[in-house]
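Take a look at the letters that make up each chain.
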Amino acid sequence: ASLEDGRHPLPARDGARCDSGMLVVDVADDGAGIAAEHRARIFYPFFTTKQRGSGLGLALAQKVLASHGGSLELVDSVRGACFRMRLPLGECSAT
């Protein structure tokens, strides 16, 4: 499913959860995934495999999360790409 402007919604797979005082959100798509030869460089500024990409999206997202004491990482996925975001919480309760 695509949005009217051509973007694709990226659903949170398994939703958000709390883990050791951290908010953890997995965001995944069902595309081709990230090639093994690119995995080590995807968070480098200006690295892109797209003709019109700037290569700043993942680098910037990782930097913003880190500045708040969090992290962004690529996690193994059966299909597509899956990124895990972590942000510290003052208090985390399971719902």
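Here, the structure is the one placed above.
Here we summarise the structure given alongside this text. (Residues numbered from 1 in each chain as written. Predicted model: local features only at pLDDT ≥ 70, side-chain atom pairs only at ≥ 80, totals over all residues. Heavy atoms only, no water.)

Digging into the side chain of Arg84
Then, in step 1: Mapped onto the fold, Arg84 is located in strand E4 (residues 82-88).
Then, in step 2: A polar contact of 2.6 Å, which involves the side chain of Arg84, links it to the side chain of Asp26.
Then, in step 3: Apart from residues lying up to four places away in sequence, Arg84 is in contact with Arg17, Val24, Val25, Asp26, Ser71, Leu72, Glu73 and Val75. (Helix = DSSP H or I, 4+ residues; strand = E, 2+ residues; numbered from the N terminus. Polar contact = N/O pair within 3.5 Å; in protein donor to acceptor, adjacent residues only side chain to side chain. Contact = heavy atoms within 4.5 Å.)

Observations regarding the packing of aromatic side chains
Then, in step 1: Enumeration according to the criterion identifies 1 aromatic pair in this entry.
Then, in step 2: For the pair Phe43 and Phe83, a centre-to-centre distance of 6.2 Å together with 90° between the ring planes defines the contact as edge-to-face. Of this pair, Phe43 sits in the loop between strand E2 (22-28) and helix H1 (57-67) while Phe83 is found in strand E4, placing the two residues 40 residues apart along the sequence. Here the two residues Phe43 and Phe83 agree in accessibility, since each one is buried. (Phe/Tyr/Trp six-rings, centres within 6.5 Å; stacked < 30°, edge-to-face > 60°. Buried < 20%, exposed > 50% of the residue type's maximum accessible area, 1.4 Å probe, protein only.)

Quick word on the pairing of E4
Then, in step 1: Across 7 bridges, the pairing between E2 and E4 is antiparallel. Bridge pairing in E4 links Ala28 to Cys82.
Then, in step 2: For strand E3 (residues 71-75) and E4, the ladder comprises 5 bridges, and the chain directions are antiparallel. Paired with Glu73 across the strands is Arg84, a residue of E4.
Then, in step 3: What sits between the antiparallel neighbours E3 and E4 is a turn of 6 residues, in which Gly80 has the positive phi angle 70°. (Pairing = 2+ DSSP bridges.)

Brief notes about the pattern of salt bridges
Then, in step 1: If you walk through the whole model with that rule in mind, you get 5 salt bridges.
Then, in step 2: We note a salt bridge from Asp19 to Arg86, for which the minimum N-O separation is 3.7 Å. Placement of Asp19 in strand E1 (residues 12-19) and of Arg86 in strand E4 is noted, with a sequence separation of 67 residues between them.
Then, in step 3: The salt bridge involving Arg84 is made with Asp26; its shortest N-O contact spans 2.6 Å. (Salt bridge = Lys/Arg side-chain N within 4 Å of Asp/Glu carboxyl O.)

Describing the layout of surface pockets
Then, in step 1: What the largest pocket holds in volume is close to 860 Å³.
Then, in step 2: Every residue lining the largest pocket is counted, 27 residues in all, and those nearest its centre are Asp29, Ile34, Lys50, Leu58 and Phe83.
Then, in step 3: Put simply, the parts of the chain that give the lining of the largest pocket at least two residues each are E2, H1 and E4.
Then, in step 4: When residues of the lining of the largest pocket are assigned to their parent elements, the largest contribution, 3 residues, is made by H1.
Then, in step 5: Each residue belonging to the lining of the largest pocket can be placed in one class, and the counts come to 15 nonpolar, 9 polar and 3 charged. (1 Å grid on protein atoms, 1.4 Å probe; cavity = no way out; pocket = protein on both sides within 12 Å on 5 of 7 lines; lining within 4 Å. Points joined across faces, edges and corners; volume = space filled by probe spheres on them. Nonpolar A, V, L, I, M, F, W, Y, C, P; charged D, E, K, R; others polar.)

So, the environment of Phe47
Then, in step 1: Position of Phe47 among the secondary structure elements: in the loop between E2 and H1.
Then, in step 2: Setting aside its immediate chain neighbours within four residues, Phe47 contacts His38, Arg41, Ile42 and Gly55.

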